[in-house]
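Summary of structural features
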Amino acid sequence: MRAVTIGGHDLSAFRIVLPKEPKGAEKTGAAFLQKALLQSSGLVLPVVSEPGEHNIFIGGERHSERIRWDGFCILTDDRNLYLFGNEERGTLYACYEFAESRLGYRYFAVGVTRISREGEVQVPSGLDEIHNPGFEVRRVSWADLAYDPEFASHARVNSHLEADMEAYGGTVYDFIPCHTFYQYCPADEYFREHPEYYSERGGKRIPCRDAGGPGQLCLTNPDVLRIVTNRILEELREHPERKLIDFSQCDCGNYCQCEKCAAVDAEEESPAGSIVRFVNAVAESVEREFPDVLVQTFAYEYSVKPPKFTKARKNVLIRYCTYDACFRHALDDTDCEINSATVRPEMLGWKERCSQLSLWDYLSNYNCYLAPFPNLYSLWKNASFYAECGVRHLYESMDTTHSTTGPYGDLKTYLAAKLCWNPTVSKDDYLIWIDEFLEAFYGPGWEDIRSYLKLELETTEGRCFTCKEPIDICFLYYKTIPEVPNLKRFLRRSYTAKPYQPVYPNHALSRLCERLDEAKGCFDRAYEKAETDLQRYRIKRSRIALTYLDLFCTEHDETAMTPTERNAYEAEVEQFYRDKKAYNYYYNIHTEFMRN
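This section reports on the structure supplied with the text.

Cut-offs used in this document
- Residues numbered from 1 in each chain as written.
- Predicted model: local features only at pLDDT ≥ 70, side-chain atom pairs only at ≥ 80, totals over all residues.
- Heavy atoms only, no water.
- Pairing = 2+ DSSP bridges.
- Helix = DSSP H or I, 4+ residues; strand = E, 2+ residues; numbered from the N terminus.
- Contact = heavy atoms within 4.5 Å.
- Axes fitted to C-alpha atoms, helices over the stretch in contact; angles between N-to-C directions.
- Phe/Tyr/Trp six-rings, centres within 6.5 Å; stacked < 30°, edge-to-face > 60°.
- Buried < 20%, exposed > 50% of the residue type's maximum accessible area, 1.4 Å probe, protein only.
- Lys NZ or Arg CZ within 6 Å of the ring centre and 35° of its normal.
- Expected span 1.5 Å × (residues − 1).
- Salt bridge = Lys/Arg side-chain N within 4 Å of Asp/Glu carboxyl O.
- Right-handed = clockwise from strand over helix to strand, strands pointing away.

Let's talk about the sheet that holds strand β1 (residues 3-6)
- With respect to topology, three strands assemble into an open sheet ordered β2-β1-β10, the strand pairing being mixed. The open sheet is flanked by β2 (9-10) and β10 (120-123), the only strands paired with a single partner.
- Inspection of the sheet shows β1 paired to β2 by two bridges, in the antiparallel sense. The residue of β2 that forms the bridge with Thr5 is Asp10.
- Of the strands in this sheet, β1 and β10 touch helix α2 (residues 88-103), which is tilted by about 125° from β10.

Side note on the packing of aromatic side chains
- Evaluated as defined, the whole model comprises 42 aromatic pairs.
- For the pair Phe32 and Tyr105, a centre-to-centre distance of 5.1 Å together with 75° between the ring planes defines the contact as edge-to-face. Here the residue Phe32 occupies a position in helix α1 (residues 24-41), and Tyr105 occupies one in the loop between α2 and β8 (106-109), the gap between them amounting to 73 residues. Taken as a pair, Phe32 and Tyr105 share a single burial class, namely buried.
- Ring plane angle 55° and centroid distance 5.2 Å describe the contact between Phe108 and Tyr414, whose orientation is recorded as tilted. Linking Phe108 in strand β8 with Tyr414 in helix α12 (residues 409-421), this pair joins segments that are 306 residues apart in sequence. Note on accessibility: Phe108 and Tyr414 belong to one class, buried.
- Grouping aromatic residues by their ring pairs yields a cluster made of Phe298, Tyr300, Tyr323, Trp360, Tyr362, Tyr366, Tyr369 and Tyr395.
- Over the ring of Trp433 we find Lys418; its NZ or CZ atom is 4.7 Å from the centre of that ring.
- Over the aromatic face of Tyr587 sits the side chain of Lys580, whose NZ or CZ is 4.3 Å from the ring centroid.

A word on helix α10 (residues 339-353)
- The terminal C-alpha atoms of α10 lie 19 Å apart, and with 15 residues this matches the ideal 21 Å at 1.5 Å per residue to within 8%.
- The complete set of buried residues in α10 reads Asn339, Val343, Glu346, Met347, Gly349, Trp350 and Arg353.

Side note on the pattern of salt bridges
- Under the definition given, this model contains 36 salt bridges.
- We note a salt bridge from Arg313 to Glu287, for which the minimum N-O separation is 2.0 Å. Residue Arg313 is located in the loop between β18 (294-299) and β19 (316-321), and its partner Glu287 is located in helix α9 (residues 272-289); the two are separated by 26 residues in the primary sequence.
- For Arg313, a relative accessible area of 24% gives the class partly exposed.
- For Asp579, the salt bridge identified is with Lys540, shortest N-O distance 4.0 Å. Highlighted residues: Asp579 in helix α19 (residues 563-583) and Lys540 in helix α18 (residues 533-552), separated in sequence by 39 residues.

Regarding the sheet that holds strand β6 (residues 72-76)
- As summarised here, the arrangement of the six strands in space is β4-β3-β5-β7-β6-β11, forming an open sheet in which the pairing is mixed. With partners counted over all chains shown, the strands left at the sheet margins are β4 (47-48) and β11 (128-131), one partner each.
- Sheet topology places β6 next to β11; four bridges connect them, and they run antiparallel. Among the inter-strand pairings, Cys73 is bridged to a residue of β11, identified as Ile130.
- Each of β3 (14-17), β4, β5 (54-58) and β7 (80-84) is contacted by α1, which is oriented at about 135° to β5, the strand it contacts most.

Some details on α12
- Across its 13 residues, α12 extends 19 Å between first and last C-alpha, which sits within 8% of the 18 Å expected from 1.5 Å per residue.
- Across the 13 residues that make up α12, a large majority, 12, are buried.
- Three or more residues of α12 are buried, namely Gly409, Asp410, Leu411, Lys412, Thr413, Tyr414, Leu415, Ala416, Ala417, Leu419, Cys420 and Trp421.

Describing unusual backbone geometry
- The omega torsion across Gly213 and Pro214 is 5°, close enough to zero to call that bond cis.
- Note that Pro214 resides in strand β16 (residues 213-214).
- Positioned with a positive phi, Glu301 is a non-glycine residue whose angle comes to about 50°.
- Relative to the helices and strands, Glu301 resides in the loop between β18 and β19.
- Located in the positive-phi region is Tyr500, a residue other than glycine, with phi close to 70°.
- Tracing the backbone shows Tyr500 in the loop between α15 (487-493) and α16 (510-514).

Here we look at the pairing of strand β20 (residues 357-362)
- Among the six residues of β20, six are classified as buried, and the element is accordingly described as predominantly covered.
- Residues Leu357, Leu359 and Asp361 line one face of β20 and the alternating positions Ser358, Trp360 and Tyr362 line the opposite face, and both faces are buried.
- Note: β19 against β20, four bridges, orientation parallel. Note on β20: the bridge partner recorded for Ile318 is Leu357.
- Chirality of the crossover, the property in question, places the unit of β19, α10 and β20 among those that are right-handed.

Some details on the side chain of His507
- Tracing the chain through its elements places His507 in the loop between α15 and α16.
- Assessed through its relative accessible area of 2%, His507 is described here as buried.

Description of the side chain of Thr91
- Of note, Thr91 is situated in helix α2.
- In this structure Thr91 comes out as buried when scored by relative accessible area, which is 2%.
- Apart from residues no more than four positions distant in its own chain, Thr91 is found in contact with Glu26, Ile58, Gly59, Leu83, Phe84 and Gly85.

Structure follows, in structure tokens:
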């Protein structure tokens, strides 16, 4: 077992000390640390409320002005170890950090942990470490994080969690809706008598009925400003505990082009101009009554470009969405034709136009969940760029109802959460994170999986890859004469990959498809080396991304195949259907709605 000393004193001399009236996260932290120390050193330290000669103090009334948000401090003197944060969640994180940095503890995924039991650990006297998160609000929408409170806590995500987090120090924000224009000036209430409250397009007014529109609000109409402001203030009076309220455009492109709105947007050289001016006016009223509340709005699709002149007020949170970015390359990559032309200048522009910046980032290909999404390199690079741009709230968007984003959703989740806390990690340490995860998650064949990751990056070099990247024929463009409204949406939701289907031409994974035998060989070798059924299950589940590419995104000419070849291919397709159902996977965001 591992020998541990603190300030020169053997661990056996210590006790874990809680406050006389401990908070939930303090009790959780003490129980965790007691268990971790037992696993690593073989010693059971008592958890008490009265200190002795040597103590590990958990939480209490200690505070430090150097601690930011839910960060924490690790201190030692000649006799004691102190683990505390200014918030109880920070105190719990301090317990995790001590186990991670001193005992080699890791929590990679639900059911996948590791701790060192060999060697010596000497925690010196005079230690004074402050650990602050890179972002105040940290959200990664992976199912296991959303629903497993212990895993979410260890990952140090702190927002929008489905699980009960009371014993883990709670969250920053519960579920905050978005695309909310319609809520604060509902068309069902106003459109019939006042169509001028809603967006004008081609001389016609379009109502704003739900999160999808179909219209937006007219943001230069003074009555709309009055109605929205009053409703937001009423909501805050009913919920004085709220520190964030969302007023953001609906998920459609029909922004108002009436004469007044168009004039504002022309002056600001962006439709964000009318949005920021309107939200500034709302936020000014909010600040008078609720000075510590932020008003959140989107920079999304038509509003991503910052206004030329108007700056957002200090209590306005701009939520920039990387929806149109290339994720194969870093967002600040000046050689990427997409990012250098749009995302990089937009983010740098918002850095100058607001003091409160939120980011909605995308870690999945919503047009093809099953295919690889090669963003592990950009994931690391982008985190530091977000910190450089002053981002405070970071949302890494995946999905909470399925468990795939290419072959390594669990790895991507682990990395994204760690980058939310430490966005400036070195490349060498980032690669260590990857290796540690692969070894723990996949077992003895982990280096073969790492070889696949290198192959994936190599074969996609020079290609741009968005979160709406067409890989299969689901997203070919259909046109009928006469035009049938919503046909494309219907066909996408009805999509099922079929044997012998045509291949989407020159898709972004074409070069990987050319080397599929090599890619599949990486997983096959890892499978052969696996020691447990669980390792084999994870390898097989990850490999389905390559199976999908092989069966449906590479050419299979039925007329050129022998009967034996056709039978073998069709049998593989049937097995794919069974595996997909067993893993609860979906083809894309559209079929997910239909549970297909």
